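Observations on the three-dimensional arrangement
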Amino acid sequence: MYWLAMLTMLIDHVGLVFFPADPAWRIAGRLAFPIYAYALYLGYARTRDMRSYMLRLLGLALISQLPYMLAFDVYRPNVVWTLLASLLALAAASRLKHWAAITCLYVLTALIMELSMMDYGAYGLLLVLIYRYTRSSMMVAAHFALNVVYDLVHHANIQHFSLLSSILIACFAAGESGFYNRVPRWLWRSFYPVHLAVIAAIRIWP
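Residues numbered from 1 in each chain as written. Predicted model: local features only at pLDDT ≥ 70, side-chain atom pairs only at ≥ 80, totals over all residues. Heavy atoms only, no water.

Per an unreviewed UniProt entry, the chain goes by the name Conjugal transfer protein TraX and belongs to Paenibacillus kribbensis.

Below, the structure written as structure tokens:
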């Protein structure tokens, strides 16, 4: 699954930069983010050192920001900030007892993500929460409902293709240790900024 996430993310970004008129690249790319969101949930559930996990994400977000802006000619936070904000929300929620306080925390986090224009924004947080609180067919149904709302708000029906990733996760993630450990950690952690840097270099090369 991690190989699929990296491959489809690469396809998505190559299509976005070099073949923007061809939707096939973006359709394939819809599979990537849900796998990264699920990986974040697994990291949250399994890590023995939450502070180190957060610092790694912070470092990756900082390193990736310039290549992200150069590759896509945008001026907003990259998707790692979305994952970091989601992790912070999960960690903070685990310290709260009342459901109302937890709900307020998630709503506030979603608003901050939207106002700061993080990549995927509140959608990213909600998908992480779906993986945190649901399983199996309920997870797929919740992701489908999220995509419907996202489509109504942003008129982005292409996002419906991301549901395939949740279906694959529901089918194959019962053995989560295999899902989590088959990609070398150095490759998994470096792939995002490195592939963005390569795309940026090709894009701006005279």
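So, helix α4 (residues 50–72)
Selection rule: To qualify as a helix, a DSSP run of H or I must reach at least 4 residues; to qualify as a strand, a run of E must reach at least 2; elements of each kind are numbered from the N terminus. Expected helix span is taken as 1.5 Å per residue step, with the number of steps being one fewer than the number of residues. The quantity called bend is, for any residue, the angle between two axes fitted respectively to the seven residues ending at it and the seven beginning at it. In what follows, a contact means two residues having at least one pair of non-hydrogen atoms within 4.5 Å.
Relative to the 33 Å expected for 23 residues at 1.5 Å per residue, α4 spans 31 Å between its end C-alpha atoms, a close match to the ideal helical length. Maximal helix bending in α4 amounts to about 35°, located at Gln65; proline Pro67 follows within four positions. Where α4 is buried, its residues meet α1 (2–18), α3 (32–46), α5 (79–93) and α11 (185–204). Remark: Asp73 follows α4 within two positions and exhibits a positive phi of approximately 55°.

Some words on the pattern of salt bridges
To be explicit about the condition: For salt bridges, the criterion is a side-chain nitrogen of Lys or Arg within 4 Å of an Asp or Glu carboxyl oxygen. Between buried and exposed lies partly exposed: a residue is buried under 20% and exposed over 50% of the maximum accessible area for its type, with that area taken using a 1.4 Å probe on protein chains only.
Evaluation of the coordinates by the stated rule reveals four salt bridges. In this structure, Asp12 engages Arg26 in a salt bridge whose closest nitrogen and oxygen atoms are separated by 2.4 Å. Taken together, the positions of Asp12 in helix α1 and Arg26 in helix α2 (residues 23–29) put the pair 14 residues apart, joining distant regions of the chain. Note that Asp12 is salt-bridged to Arg30, the shortest N-O span being 2.8 Å. Of this pair, Asp12 sits in helix α1 while Arg30 is found in the loop between α2 and α3, placing the two residues 18 residues apart along the sequence. With a relative accessible area of 5%, Arg30 lands in the buried category. Here the residues in one salt-bridge network are Asp12, Arg26 and Arg30, joined through shared partners.

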